[in-house]
Amino acid sequence: MVSSVTVQASSGQTVKLGFDSTTNFALAEQIAKQISAGITAGTIVTEFDTAGPPPTLPASVNGAFVQTEIGFFALPPGYTTDLITKAGSAVVFGSGAPGETILSDVKTDLTFIAGSGSGTVVAGGGNNRLSVSGAGSWSLYTGGGNDIIAALGAVNATIGAGGGSNAILLGSGNDVVISTGDDSISGGSGAETVDATGAHSDFVQGNASRLLFIGGSGGVTILGGSGSDTYLGSASRPVGGSGGEHDTKDHSDSASCGSDGRSGSAGDQVIVGGTAGNNFLFAGNGAATLVGGGNNDQLFAYGSANQTLIAASGNETLSAALSSGNDSLKAGSGNDLLIGGLGSDTYVGSSGNTTVTAGFGGRQVFEFINHAAGGTELVTGIFDPASIKIDLDGYGHDAAAHALATKTVSGGSITISLTDGTKVTFQDVTSLSKSNFI
(Lines give C-alpha, C1' and ligand atoms only; values in the text may rest on other atoms or scores of the structure.)
Protein backbone atom coordinates (compact mmCIF):
# COMPACT_ATOMS: atom_id res chain seq x y z
CA MET A 1 0.00 0.00 0.00
CA VAL A 2 1.24 3.48 -0.92
CA SER A 3 0.73 6.36 1.50
CA SER A 4 1.26 9.99 0.46
CA VAL A 5 2.64 13.09 2.16
CA THR A 6 1.92 16.61 0.95
CA VAL A 7 4.11 19.71 1.15
CA GLN A 8 2.45 23.10 0.67
CA ALA A 9 4.86 25.05 -1.54
CA SER A 10 5.55 28.76 -1.04
CA SER A 11 3.94 29.47 -4.44
CA GLY A 12 0.64 27.97 -3.29
CA GLN A 13 1.19 24.75 -5.20
CA THR A 14 1.28 21.37 -3.49
CA VAL A 15 3.88 18.63 -3.77
CA LYS A 16 2.65 15.08 -3.20
CA LEU A 17 5.05 12.14 -2.67
CA GLY A 18 4.11 8.47 -2.26
CA PHE A 19 5.87 5.95 -0.01
CA ASP A 20 5.48 2.16 -0.07
CA SER A 21 6.89 1.67 3.45
CA THR A 22 5.01 2.64 6.60
CA THR A 23 8.31 3.45 8.29
CA ASN A 24 9.42 5.73 5.47
CA PHE A 25 5.98 7.30 5.24
CA ALA A 26 6.07 8.20 8.94
CA LEU A 27 9.56 9.67 8.62
CA ALA A 28 8.69 11.57 5.44
CA GLU A 29 5.54 12.92 7.08
CA GLN A 30 7.62 14.39 9.91
CA ILE A 31 10.07 15.93 7.43
CA ALA A 32 7.23 17.32 5.29
CA LYS A 33 5.73 19.03 8.34
CA GLN A 34 9.10 20.62 9.12
CA ILE A 35 9.45 21.85 5.53
CA SER A 36 5.90 23.22 5.52
CA ALA A 37 6.55 25.00 8.82
CA GLY A 38 9.70 26.57 7.36
CA ILE A 39 7.78 27.71 4.29
CA THR A 40 5.10 29.26 6.49
CA ALA A 41 7.75 31.02 8.57
CA GLY A 42 9.50 32.30 5.47
CA THR A 43 12.80 30.50 6.19
CA ILE A 44 12.33 28.05 3.30
CA VAL A 45 11.28 28.89 -0.25
CA THR A 46 10.34 26.36 -2.95
CA GLU A 47 11.38 26.46 -6.59
CA PHE A 48 10.04 24.12 -9.31
CA ASP A 49 12.14 22.79 -12.19
CA THR A 50 9.35 23.82 -14.56
CA ALA A 51 10.34 27.45 -13.89
CA GLY A 52 13.90 26.91 -15.08
CA PRO A 53 17.21 26.84 -13.18
CA PRO A 54 16.87 27.61 -9.46
CA PRO A 55 17.60 31.27 -8.69
CA THR A 56 20.22 32.44 -6.24
CA LEU A 57 18.80 32.81 -2.76
CA PRO A 58 19.52 35.33 -0.02
CA ALA A 59 21.53 34.02 2.90
CA SER A 60 18.53 34.29 5.22
CA VAL A 61 16.56 31.48 3.56
CA ASN A 62 17.08 27.89 2.44
CA GLY A 63 15.80 26.53 -0.84
CA ALA A 64 13.65 23.47 -1.47
CA PHE A 65 13.84 22.38 -5.10
CA VAL A 66 10.96 20.41 -6.63
CA GLN A 67 12.16 18.02 -9.32
CA THR A 68 9.20 17.01 -11.50
CA GLU A 69 10.75 16.65 -14.96
CA ILE A 70 14.52 16.91 -15.10
CA GLY A 71 16.49 13.71 -14.63
CA PHE A 72 19.84 15.18 -13.59
CA PHE A 73 20.31 17.83 -10.91
CA ALA A 74 23.05 19.14 -8.63
CA LEU A 75 21.87 21.01 -5.56
CA PRO A 76 23.29 24.55 -5.79
CA PRO A 77 24.47 26.58 -2.78
CA GLY A 78 21.60 27.55 -0.53
CA TYR A 79 19.38 24.63 -1.56
CA THR A 80 19.31 21.96 1.13
CA THR A 81 16.12 20.13 0.12
CA ASP A 82 15.15 18.23 -3.02
CA LEU A 83 11.59 16.93 -3.44
CA ILE A 84 11.56 14.49 -6.36
CA THR A 85 8.25 13.53 -7.97
CA LYS A 86 9.71 12.65 -11.37
CA ALA A 87 8.84 9.12 -12.47
CA GLY A 88 11.70 6.87 -13.56
CA SER A 89 15.37 7.70 -13.22
CA ALA A 90 16.49 10.79 -11.31
CA VAL A 91 20.13 11.59 -10.52
CA VAL A 92 20.87 14.08 -7.74
CA PHE A 93 24.22 15.37 -6.47
CA GLY A 94 24.38 16.80 -2.97
CA SER A 95 25.85 20.26 -2.40
CA GLY A 96 28.04 19.21 0.54
CA ALA A 97 26.01 21.29 2.96
CA PRO A 98 25.03 20.02 6.40
CA GLY A 99 21.46 18.94 6.95
CA GLU A 100 20.42 18.10 3.39
CA THR A 101 17.00 16.51 2.91
CA ILE A 102 16.07 14.34 -0.09
CA LEU A 103 12.58 12.90 -0.51
CA SER A 104 11.68 10.86 -3.60
CA ASP A 105 8.38 9.44 -4.82
CA VAL A 106 7.46 5.75 -4.98
CA LYS A 107 7.71 5.91 -8.80
CA THR A 108 11.22 7.37 -8.74
CA ASP A 109 14.42 5.37 -9.21
CA LEU A 110 16.75 7.65 -7.29
CA THR A 111 20.51 7.94 -7.64
CA PHE A 112 21.90 10.22 -4.94
CA ILE A 113 25.60 11.01 -4.60
CA ALA A 114 27.21 13.16 -1.90
CA GLY A 115 30.95 13.45 -1.34
CA SER A 116 30.58 15.45 1.86
CA GLY A 117 27.95 17.06 4.06
CA SER A 118 25.25 15.33 6.07
CA GLY A 119 21.54 14.78 5.94
CA THR A 120 18.59 12.48 5.36
CA VAL A 121 17.44 10.57 2.28
CA VAL A 122 14.02 8.92 2.27
CA ALA A 123 13.10 7.05 -0.90
CA GLY A 124 9.44 6.28 -1.53
CA GLY A 125 10.13 3.07 -3.43
CA GLY A 126 11.73 2.16 -6.74
CA ASN A 127 15.23 0.79 -7.26
CA ASN A 128 17.66 3.28 -5.73
CA ARG A 129 21.38 3.92 -5.58
CA LEU A 130 22.60 5.99 -2.65
CA SER A 131 26.27 6.82 -2.17
CA VAL A 132 27.54 9.11 0.58
CA SER A 133 31.10 9.68 1.73
CA GLY A 134 33.15 12.12 3.78
CA ALA A 135 32.86 12.40 7.56
CA GLY A 136 29.28 13.51 8.14
CA SER A 137 26.24 11.76 9.53
CA TRP A 138 23.59 10.43 7.16
CA SER A 139 20.23 8.71 7.54
CA LEU A 140 19.41 6.64 4.45
CA TYR A 141 16.03 4.93 4.05
CA THR A 142 14.77 3.03 1.03
CA GLY A 143 11.49 1.31 0.13
CA GLY A 144 10.52 -2.07 -1.27
CA GLY A 145 12.78 -2.04 -4.33
CA ASN A 146 16.23 -3.52 -4.86
CA ASP A 147 18.70 -0.90 -3.68
CA ILE A 148 22.44 -0.24 -3.52
CA ILE A 149 23.50 1.79 -0.49
CA ALA A 150 27.10 2.87 0.12
CA ALA A 151 28.15 4.79 3.24
CA LEU A 152 31.87 5.15 2.66
CA GLY A 153 34.80 6.95 4.24
CA ALA A 154 34.26 8.06 7.83
CA VAL A 155 30.52 8.57 7.40
CA ASN A 156 28.37 7.62 10.39
CA ALA A 157 25.23 6.20 8.81
CA THR A 158 21.86 4.93 9.88
CA ILE A 159 20.53 2.77 7.06
CA GLY A 160 16.97 1.52 6.85
CA ALA A 161 17.06 -0.84 3.92
CA GLY A 162 13.65 -1.75 2.57
CA GLY A 163 12.09 -5.12 1.91
CA GLY A 164 13.85 -5.87 -1.39
CA SER A 165 17.20 -7.45 -2.20
CA ASN A 166 19.70 -4.81 -1.16
CA ALA A 167 23.49 -4.40 -1.34
CA ILE A 168 25.00 -2.32 1.48
CA LEU A 169 28.62 -1.18 1.62
CA LEU A 170 30.06 0.38 4.77
CA GLY A 171 33.24 2.34 5.51
CA SER A 172 35.21 3.29 8.62
CA GLY A 173 32.43 5.04 10.53
CA ASN A 174 29.97 3.89 13.15
CA ASP A 175 26.97 2.51 11.29
CA VAL A 176 23.56 1.07 12.12
CA VAL A 177 21.78 -1.06 9.52
CA ILE A 178 18.12 -2.02 9.90
CA SER A 179 17.61 -4.99 7.61
CA THR A 180 14.10 -6.03 6.58
CA GLY A 181 14.68 -7.78 3.25
CA ASP A 182 17.28 -10.03 1.65
CA ASP A 183 20.44 -8.02 2.18
CA SER A 184 24.13 -8.41 1.38
CA ILE A 185 26.21 -6.28 3.74
CA SER A 186 29.92 -5.60 3.35
CA GLY A 187 31.55 -4.11 6.43
CA GLY A 188 34.52 -1.79 6.37
CA SER A 189 36.85 -0.99 9.24
CA GLY A 190 34.44 0.76 11.58
CA ALA A 191 31.84 -0.42 14.06
CA GLU A 192 28.66 -1.87 12.61
CA THR A 193 25.39 -2.83 14.25
CA VAL A 194 22.95 -4.84 12.14
CA ASP A 195 19.39 -5.20 13.39
CA ALA A 196 17.99 -8.13 11.42
CA THR A 197 15.05 -8.92 13.67
CA GLY A 198 12.71 -8.23 10.75
CA ALA A 199 14.89 -9.53 7.89
CA HIS A 200 14.21 -12.48 5.60
CA SER A 201 17.86 -13.34 5.03
CA ASP A 202 21.26 -11.64 5.30
CA PHE A 203 24.75 -12.30 4.01
CA VAL A 204 27.41 -10.31 5.88
CA GLN A 205 31.12 -9.92 5.19
CA GLY A 206 32.62 -8.35 8.30
CA ASN A 207 36.02 -7.51 6.80
CA ALA A 208 37.95 -5.44 9.40
CA SER A 209 34.85 -4.15 11.18
CA ARG A 210 33.63 -4.68 14.72
CA LEU A 211 30.27 -6.27 14.05
CA LEU A 212 27.23 -6.62 16.30
CA PHE A 213 24.52 -8.64 14.58
CA ILE A 214 21.10 -9.05 16.19
CA GLY A 215 19.25 -11.86 14.44
CA GLY A 216 15.60 -12.61 13.87
CA SER A 217 13.74 -15.52 12.32
CA GLY A 218 15.42 -15.14 8.92
CA GLY A 219 18.49 -16.97 7.68
CA VAL A 220 21.95 -15.46 8.03
CA THR A 221 25.48 -16.15 6.85
CA ILE A 222 28.28 -14.09 8.44
CA LEU A 223 31.94 -14.24 7.41
CA GLY A 224 33.67 -12.27 10.12
CA GLY A 225 36.87 -11.15 8.38
CA SER A 226 39.70 -9.70 10.49
CA GLY A 227 37.61 -7.93 13.14
CA SER A 228 35.90 -9.07 16.33
CA ASP A 229 32.23 -9.95 16.10
CA THR A 230 29.19 -10.47 18.29
CA TYR A 231 26.24 -12.50 17.03
CA LEU A 232 22.99 -12.78 18.97
CA GLY A 233 20.51 -15.21 17.44
CA SER A 234 16.80 -15.14 18.12
CA ALA A 235 15.12 -17.47 20.58
CA SER A 236 12.03 -17.44 18.37
CA ARG A 237 13.70 -18.84 15.28
CA PRO A 238 11.81 -21.67 13.55
CA VAL A 239 13.25 -25.09 14.24
CA GLY A 240 14.00 -26.88 10.99
CA GLY A 241 13.09 -24.49 8.17
CA SER A 242 15.11 -25.74 5.25
CA GLY A 243 17.12 -26.97 8.21
CA GLY A 244 20.11 -29.20 8.40
CA GLU A 245 23.71 -28.63 9.32
CA HIS A 246 26.14 -27.11 6.85
CA ASP A 247 29.41 -28.57 5.74
CA THR A 248 31.76 -25.77 6.74
CA LYS A 249 34.77 -27.22 4.94
CA ASP A 250 33.87 -24.98 1.99
CA HIS A 251 32.50 -21.67 3.18
CA SER A 252 31.67 -20.65 -0.38
CA ASP A 253 28.80 -23.12 -0.14
CA SER A 254 27.86 -22.44 3.45
CA ALA A 255 24.80 -20.37 2.56
CA SER A 256 22.85 -23.12 0.90
CA CYS A 257 19.55 -22.47 -0.84
CA GLY A 258 16.32 -23.55 0.76
CA SER A 259 13.02 -24.45 -0.83
CA ASP A 260 12.45 -20.84 -1.82
CA GLY A 261 15.77 -20.68 -3.67
CA ARG A 262 17.12 -17.89 -1.52
CA SER A 263 20.56 -17.94 0.07
CA GLY A 264 20.53 -18.51 3.82
CA SER A 265 16.93 -19.71 4.00
CA ALA A 266 14.82 -19.23 7.11
CA GLY A 267 16.08 -21.10 10.15
CA ASP A 268 19.70 -21.45 8.96
CA GLN A 269 22.55 -19.63 10.68
CA VAL A 270 26.12 -19.87 9.39
CA ILE A 271 28.42 -17.58 11.39
CA VAL A 272 32.21 -17.31 11.07
CA GLY A 273 33.90 -15.07 13.64
CA GLY A 274 36.58 -12.52 12.81
CA THR A 275 40.26 -13.38 12.99
CA ALA A 276 40.94 -10.68 15.60
CA GLY A 277 39.33 -13.03 18.11
CA ASN A 278 37.19 -12.18 21.14
CA ASN A 279 34.12 -13.15 19.11
CA PHE A 280 30.89 -13.79 21.01
CA LEU A 281 28.58 -15.97 18.91
CA PHE A 282 25.26 -17.02 20.43
CA ALA A 283 23.07 -19.13 18.18
CA GLY A 284 19.36 -18.64 17.92
CA ASN A 285 16.95 -21.55 17.97
CA GLY A 286 17.14 -23.47 14.68
CA ALA A 287 19.84 -25.00 12.51
CA ALA A 288 23.17 -23.30 13.15
CA THR A 289 26.87 -23.60 12.42
CA LEU A 290 29.11 -21.27 14.43
CA VAL A 291 32.81 -21.08 13.60
CA GLY A 292 35.38 -19.29 15.74
CA GLY A 293 37.78 -16.86 14.12
CA GLY A 294 40.65 -16.21 16.51
CA ASN A 295 41.67 -16.28 20.15
CA ASN A 296 39.35 -16.08 23.16
CA ASP A 297 36.16 -16.76 21.21
CA GLN A 298 32.97 -17.87 22.94
CA LEU A 299 30.47 -19.95 20.94
CA PHE A 300 27.09 -20.97 22.34
CA ALA A 301 24.49 -23.42 21.05
CA TYR A 302 20.88 -22.73 21.99
CA GLY A 303 17.47 -24.33 21.68
CA SER A 304 16.29 -27.76 20.60
CA ALA A 305 17.76 -27.98 17.09
CA ASN A 306 20.99 -29.83 16.31
CA GLN A 307 23.80 -27.28 16.04
CA THR A 308 27.52 -27.30 15.27
CA LEU A 309 30.21 -25.28 17.07
CA ILE A 310 33.71 -25.22 15.55
CA ALA A 311 36.76 -23.74 17.27
CA ALA A 312 39.44 -21.80 15.43
CA SER A 313 43.16 -21.94 16.17
CA GLY A 314 43.09 -19.92 19.39
CA ASN A 315 41.94 -20.73 22.90
CA GLU A 316 38.17 -21.02 22.68
CA THR A 317 35.09 -21.95 24.68
CA LEU A 318 32.34 -23.96 22.96
CA SER A 319 29.24 -24.43 25.07
CA ALA A 320 26.02 -26.38 24.55
CA ALA A 321 24.93 -25.87 28.17
CA LEU A 322 21.80 -23.99 27.06
CA SER A 323 20.89 -26.47 24.34
CA SER A 324 18.69 -29.55 24.37
CA GLY A 325 19.63 -30.54 20.82
CA ASN A 326 22.16 -33.16 19.77
CA ASP A 327 25.09 -30.83 19.14
CA SER A 328 28.54 -31.28 17.66
CA LEU A 329 31.44 -29.42 19.31
CA LYS A 330 34.69 -29.46 17.34
CA ALA A 331 37.93 -28.50 19.09
CA GLY A 332 40.71 -26.56 17.37
CA SER A 333 44.46 -26.44 17.72
CA GLY A 334 44.51 -24.30 20.85
CA ASN A 335 43.56 -24.89 24.46
CA ASP A 336 39.80 -25.32 24.17
CA LEU A 337 36.97 -25.91 26.61
CA LEU A 338 33.98 -27.88 25.29
CA ILE A 339 30.83 -27.96 27.44
CA GLY A 340 27.98 -30.36 26.73
CA GLY A 341 24.28 -29.77 27.17
CA LEU A 342 21.05 -31.67 27.61
CA GLY A 343 21.22 -33.55 24.33
CA SER A 344 23.34 -36.45 23.10
CA ASP A 345 26.36 -34.42 22.08
CA THR A 346 29.44 -35.20 20.01
CA TYR A 347 32.89 -33.85 20.92
CA VAL A 348 35.48 -33.91 18.13
CA GLY A 349 39.11 -34.01 19.25
CA SER A 350 41.97 -32.10 17.63
CA SER A 351 45.68 -31.45 17.70
CA GLY A 352 45.33 -29.06 20.64
CA ASN A 353 44.77 -29.50 24.34
CA THR A 354 41.05 -29.93 24.95
CA THR A 355 39.02 -30.10 28.14
CA VAL A 356 35.51 -31.52 27.83
CA THR A 357 32.78 -31.14 30.42
CA ALA A 358 30.31 -33.80 29.32
CA GLY A 359 26.60 -33.06 29.16
CA PHE A 360 23.60 -34.74 30.75
CA GLY A 361 21.75 -36.03 27.70
CA GLY A 362 22.55 -39.72 27.74
CA ARG A 363 24.97 -40.93 25.08
CA GLN A 364 28.10 -38.77 24.77
CA VAL A 365 30.20 -39.36 21.65
CA PHE A 366 33.93 -38.63 21.63
CA GLU A 367 35.12 -38.57 18.03
CA PHE A 368 38.72 -38.62 16.84
CA ILE A 369 39.74 -38.39 13.20
CA ASN A 370 43.08 -39.88 12.16
CA HIS A 371 45.52 -37.20 10.92
CA ALA A 372 43.23 -34.47 12.32
CA ALA A 373 43.76 -35.26 16.00
CA GLY A 374 47.05 -35.92 17.85
CA GLY A 375 46.45 -33.71 20.88
CA THR A 376 45.36 -34.37 24.43
CA GLU A 377 41.80 -34.49 25.75
CA LEU A 378 40.60 -34.46 29.34
CA VAL A 379 36.97 -35.48 29.81
CA THR A 380 35.18 -34.53 33.01
CA GLY A 381 31.60 -34.76 34.20
CA ILE A 382 30.99 -38.43 33.34
CA PHE A 383 28.46 -39.91 35.80
CA ASP A 384 27.71 -43.10 33.88
CA PRO A 385 30.65 -44.75 32.07
CA ALA A 386 28.15 -46.55 29.82
CA SER A 387 27.29 -43.17 28.25
CA ILE A 388 30.82 -42.95 26.81
CA LYS A 389 30.93 -43.79 23.09
CA ILE A 390 34.31 -43.42 21.38
CA ASP A 391 34.30 -43.03 17.58
CA LEU A 392 37.68 -43.65 15.93
CA ASP A 393 37.47 -42.47 12.35
CA GLY A 394 40.17 -43.62 9.94
CA TYR A 395 42.28 -45.50 12.47
CA GLY A 396 41.65 -48.97 11.07
CA HIS A 397 39.46 -51.92 12.05
CA ASP A 398 41.56 -52.82 15.10
CA ALA A 399 41.69 -49.26 16.48
CA ALA A 400 39.47 -50.02 19.49
CA ALA A 401 41.53 -53.04 20.49
CA HIS A 402 44.73 -51.02 20.23
CA ALA A 403 43.30 -48.21 22.33
CA LEU A 404 42.13 -50.62 25.02
CA ALA A 405 45.55 -52.26 25.07
CA THR A 406 47.13 -48.90 26.00
CA LYS A 407 44.77 -48.02 28.86
CA THR A 408 46.24 -47.01 32.17
CA VAL A 409 44.54 -45.96 35.41
CA SER A 410 46.00 -43.29 37.66
CA GLY A 411 44.35 -41.29 40.43
CA GLY A 412 40.98 -42.81 39.65
CA SER A 413 41.03 -41.80 35.98
CA ILE A 414 41.63 -43.90 32.86
CA THR A 415 43.79 -42.84 29.90
CA ILE A 416 43.94 -44.39 26.43
CA SER A 417 46.33 -43.62 23.56
CA LEU A 418 45.70 -43.69 19.82
CA THR A 419 48.12 -44.53 17.03
CA ASP A 420 48.51 -40.86 16.01
CA GLY A 421 49.68 -39.83 19.49
CA THR A 422 46.31 -38.67 20.79
CA LYS A 423 45.86 -39.20 24.52
CA VAL A 424 42.39 -39.21 26.10
CA THR A 425 41.74 -39.20 29.84
CA PHE A 426 38.31 -39.83 31.37
CA GLN A 427 38.32 -38.33 34.84
CA ASP A 428 36.72 -40.42 37.61
CA VAL A 429 36.30 -43.37 35.21
CA THR A 430 38.38 -46.47 35.88
CA SER A 431 37.20 -48.93 33.25
CA LEU A 432 36.48 -48.95 29.51
CA SER A 433 35.47 -51.89 27.34
CA LYS A 434 34.71 -52.66 23.72
CA SER A 435 31.10 -51.56 24.33
CA ASN A 436 32.37 -47.99 24.78
CA PHE A 437 33.50 -47.88 21.12
CA ILE A 438 31.33 -47.41 18.05
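Bear in mind that the values here come from a model prediction, so they are computed numbers and not experimental data.

Quick notes on the rules
Residues numbered from 1 in each chain as written. Predicted model: local features only at pLDDT ≥ 70, side-chain atom pairs only at ≥ 80, totals over all residues. Heavy atoms only, no water. Helix = DSSP H or I, 4+ residues; strand = E, 2+ residues; numbered from the N terminus. Rg over C-alpha atoms; globule rule 2.2 N^0.38 Å. Buried < 20%, exposed > 50% of the residue type's maximum accessible area, 1.4 Å probe, protein only. 1 Å grid on protein atoms, 1.4 Å probe; cavity = no way out; pocket = protein on both sides within 12 Å on 5 of 7 lines; lining within 4 Å. Points joined across faces, edges and corners; volume = space filled by probe spheres on them. Nonpolar A, V, L, I, M, F, W, Y, C, P; charged D, E, K, R; others polar. Polar contact = N/O pair within 3.5 Å; in protein donor to acceptor, adjacent residues only side chain to side chain. Contact = heavy atoms within 4.5 Å. Core = buried A, V, L, I, M, F, W, Y, C linked by side-chain atoms within 4.5 Å. Patch = residues over 30% accessible without salt bridge, like charges linked within 9 Å, V, L, I, M, F, W, Y side chains within 5 Å. Areas by Shrake-Rupley, 256 points an atom, 1.4 Å probe, with all protein chains shown as cover. Salt bridge = Lys/Arg side-chain N within 4 Å of Asp/Glu carboxyl O. Phe/Tyr/Trp six-rings, centres within 6.5 Å; stacked < 30°, edge-to-face > 60°. Pairing = 2+ DSSP bridges. Expected span 1.5 Å × (residues − 1). Arc of directions from axis to C-beta. pLDDT = per-residue confidence, 0-100.

1. Observations concerning the overall build of the chain
Point 1. A tally of helices and strands in the chain yields two helices and 38 strands.
Point 2. Here the chain has a C-alpha radius of gyration of 29 Å; the compact-globule value for 438 residues is 22 Å, and the former is much larger.
Point 3. Along the longest, intermediate and shortest principal axes, the C-alpha atoms of the chain span 95 × 35 × 30 Å.
Point 4. Looking at the chain as a whole, 53% of its 438 residues are labelled buried.

2. Some details on empty space enclosed by the protein
Point 1. As enumerated under the stated definition, the model contains one cavity of 30 Å³ or more in all.
Point 2. A volume near 40 Å³ is recorded for the largest cavity.
Point 3. Along the walls of the largest cavity sit ten residues, with Ala196, Phe213, Gly216, Gly218 and Gly219 positioned nearest its centre.
Point 4. Of all the secondary structure elements, the ones that give two or more residues to the lining of the largest cavity are β20 (210–215) and β21 (219–223).
Point 5. Classifying every residue of the lining of the largest cavity gives four nonpolar, four polar and two charged.

3. Re the environment of Gly292
Point 1. In this structure, Gly292 sits in the loop between β25 (288–291) and β26 (298–303).
Point 2. Spatially, the C-alpha atom of Gly292 lies 33 Å from that of Ala135, the residues being 157 residues apart in sequence.

4. Describing the side chain of Asn370
Point 1. Looking at the element boundaries, Asn370 is found in the loop between β33 (364–369) and β34 (376–380).
Point 2. Overall, Asn370 belongs to the buried group, its relative accessible area being 19%.
Point 3. Among the polar contacts listed, one links the side chain of Asn370 to the backbone oxygen of Gly394, at a separation of 3.1 Å.
Point 4. Ignoring sequence-local partners within four residues, the contact set of Asn370 consists of Asp393, Gly394, Tyr395 and Asp420.

5. Some words on the nonpolar core
Point 1. Formed by 75 residues in total, the largest nonpolar core has its most connected members in Phe112, Ile159, Phe213, Phe366, Ile390, Phe426 and Leu432.
Point 2. The element contributing the most residues to this core is helix α2 (residues 399–405), with four residues.
Point 3. Once you skip the residues sitting within four places of it in the chain, Ile390 turns out to touch Phe366, Phe368, Ile416, Phe426, Leu432, Asn436, Phe437 and Ile438.
Point 4. Residues Val15, Ile39, Ala64 and Val66 belong to the second largest nonpolar core, which totals 20 residues.

6. Brief notes about unusual backbone geometry
Point 1. Here the phi dihedral of Asn296 falls at roughly 60°; this positive angle occurs in a residue that is not glycine.
Point 2. Here Asn296 is to be found in the loop between β25 and β26.
Point 3. Of note, the phi angle at His371 is positive, near 75°, even though the residue is not glycine.
Point 4. The topology assignment puts His371 in the loop between β33 and β34.

7. Points about the side chain of Ser201
Point 1. When you line up the elements, Ser201 lands in strand β19 (residues 201–205).
Point 2. The exposure class assigned to Ser201 is buried, which follows from its relative accessible area of 6%.

8. Things to note about a nonpolar patch on the surface
Point 1. There is a patch of nonpolar side chains on the surface, built from Ile148, Leu152 and Leu169 and spanning about 220 Å² of accessible area.
Point 2. For Leu152, the position within the fold is in the loop between β13 (148–151) and β14 (156–160).
Point 3. On the accessibility criterion, Leu152 (32% relative accessible area) is partly exposed.

9. Details of the environment of Met1
Point 1. Mapped onto the fold, Met1 is located in the segment before β1 (3–8).
Point 2. Overall, the relative accessible area of 85% leaves Met1 in the exposed class.
Point 3. Among residues more than four places away in sequence, those in contact with Met1 are Phe19 and Asp20.

10. Re the packing of aromatic side chains
Point 1. Taken as a whole and assessed by the stated rule, the structure comprises eleven aromatic pairs.
Point 2. For the pair Phe65 and Phe73, a centre-to-centre distance of 4.0 Å together with 10° between the ring planes defines the contact as stacked.
Point 3. Taken together, the aromatic side chains of Phe280, Phe282, Phe300 and Tyr302 make up a single cluster linked through ring pairs.

11. So, the pairing of β34
Point 1. Pairing geometry for strand β32 (residues 353–357) and β34, over five bridges, is parallel. Within the sheet, the bridge partner assigned to Thr354 lies in β34 and is Glu377.

12. Let's talk about helix α1 (residues 22–41)
Point 1. For α1, spanning 20 residues, the distance from its first C-alpha to its last is 29 Å, which sits close to the expected 28 Å at 1.5 Å a residue.
Point 2. Among the residues of α1, Asn24, Phe25, Ala28, Ile31, Ala32, Ile35, Ser36, Gly38 and Ile39 are the ones counted as buried. Seen end-on, α1 carries its buried residues on one side only, within an arc spanning 155°. Exposed and facing more than 90 degrees away from the buried side of α1 are Thr22, Gln30, Lys33, Gln34, Thr40 and Ala41.
Point 3. N-capping of α1 is provided by Ser21, with a side-chain oxygen placed 3.3 Å from the backbone N of Thr23.

13. Examining the pairing of β13
Point 1. In the sheet, strand β11 (residues 129–132) pairs with β13 via four bridges, with the strands oriented parallel. When the bridges of β13 are listed, Ser131 appears paired with Ala150.

14. Topic: the confidence of the model for the chain
Point 1. Averaged over all residues, the pLDDT of the chain equals 92, while 93% of them reach at least 70.
Point 2. This stretch, residues 239–266, has a pLDDT under 50; its non-local contacts, to residues over four places away or in other chains, come to 55 contacts.

15. Remarks on the environment of Ile102
Point 1. Inspection of the secondary structure puts Ile102 in strand β8 (residues 100–104).
Point 2. Sequence separation of Ile102 and Gly119 is 17 residues, and the distance between their C-alpha atoms is 8.2 Å.
Point 3. In contact with Ile102, other than residues within four places in its own chain, are Leu75, Asp82, Ile84, Leu110, Phe112, Thr120, Val121 and Val122.

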